[in-house]
Amino acid sequence: RSHSGEISFPGGRLDPTDPTAEFAALRETEEEIGLTSDFIEVVGRLPDYVTGSGFRIVPVLSVVKPDFMLTINEDEVDDAFEVPLGFLMDPANHTRNSRIWNNRERFFYTMPFGDRYIWGITAGIIRVVYERLYA
């Protein structure tokens, strides 16, 4: 709820019954957008991502097989959309911005795509993927 209204990947807190971050990621993905693990191949983890607001995120990197259908949980998600990987991995589409928050200047990436504005944590995680795999 701390980041509601932002574009984000599926995710949430680890439940006490979640044996791994990967299990939690698959569970949250199915709960939020109805994408079942039958269509998901987990390929690894990125380094923990620590936010300026105090959250530690464990990004789980996966490949999604084609021909899936989404079922949006309207209590948690307003909309879902796809962005071409080529767009996200092109550094020309990564803009670095800053804002003052709690009397400190915070820096973040933005990746505007059509009428969508990807920024903050989501853009930061995408940037880590770019730096690790494409730079």
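This text follows the structure it describes.
Here the structure is a predicted model, which is why all the values come from computation and not from measurement.

Asker: Requested: an account of the packing of aromatic side chains, with residues and values cited.
Answerer: This model, assessed by the stated rule, comprises two aromatic pairs. Relative to phenylalanine 113, the ring of phenylalanine 87 has its centre 4.9 Å away and its plane inclined at 65°; by these criteria the two rings are edge-to-face. Separated by 26 residues along the polypeptide, phenylalanine 87 in helix H2 (residues 85-88) and phenylalanine 113 in strand S6 (residues 104-113) bring together distant segments of the chain. With centroids separated by 5.4 Å and ring planes inclined at 65°, the aromatic side chains of phenylalanine 108 and tryptophan 119 adopt a geometry described as edge-to-face. Highlighted residues: phenylalanine 108 in strand S6 and tryptophan 119 in strand S7 (residues 116-119), separated in sequence by 11 residues. Classification of phenylalanine 108 by relative accessible area gives buried; the value is 12%.

Asker: A description of a nonpolar patch on the surface should follow, citing residues and the corresponding values.
Answerer: Among the surface-exposed residues, Leu85, Leu133 and Tyr134 lie close enough to one another that they form a single nonpolar patch of about 330 Å² accessible area. For leucine 133, the location among the structural elements is in helix H3 (residues 120-133). For leucine 133, a relative accessible area of 57% translates into the label exposed.

Asker: Tell me what's going on with the layout of surface pockets, and back it up with residues and numbers.
Answerer: Of the pockets and cavities examined, the second largest pocket occupies roughly 470 Å³. Lining the second largest pocket we find 16 residues, and of these Gly52, Ser53, Arg106, Phe108 and Trp119 sit closest to its centre. Listing elements by their share of the lining of the second largest pocket, those giving two or more residues are strand S2 (49-50), strand S5 (95-101), S6 and H3. Considering only residue class, the lining of the second largest pocket consists of eight nonpolar, five polar and three charged.

About the thresholds
- Residues numbered from 1 in each chain as written.
- Predicted model: local features only at pLDDT ≥ 70, side-chain atom pairs only at ≥ 80, totals over all residues.
- Heavy atoms only, no water.
- Phe/Tyr/Trp six-rings, centres within 6.5 Å; stacked < 30°, edge-to-face > 60°.
- Helix = DSSP H or I, 4+ residues; strand = E, 2+ residues; numbered from the N terminus.
- Buried < 20%, exposed > 50% of the residue type's maximum accessible area, 1.4 Å probe, protein only.
- Patch = residues over 30% accessible without salt bridge, like charges linked within 9 Å, V, L, I, M, F, W, Y side chains within 5 Å.
- Areas by Shrake-Rupley, 256 points an atom, 1.4 Å probe, with all protein chains shown as cover.
- Salt bridge = Lys/Arg side-chain N within 4 Å of Asp/Glu carboxyl O.
- 1 Å grid on protein atoms, 1.4 Å probe; cavity = no way out; pocket = protein on both sides within 12 Å on 5 of 7 lines; lining within 4 Å.
- Points joined across faces, edges and corners; volume = space filled by probe spheres on them.
- Nonpolar A, V, L, I, M, F, W, Y, C, P; charged D, E, K, R; others polar.

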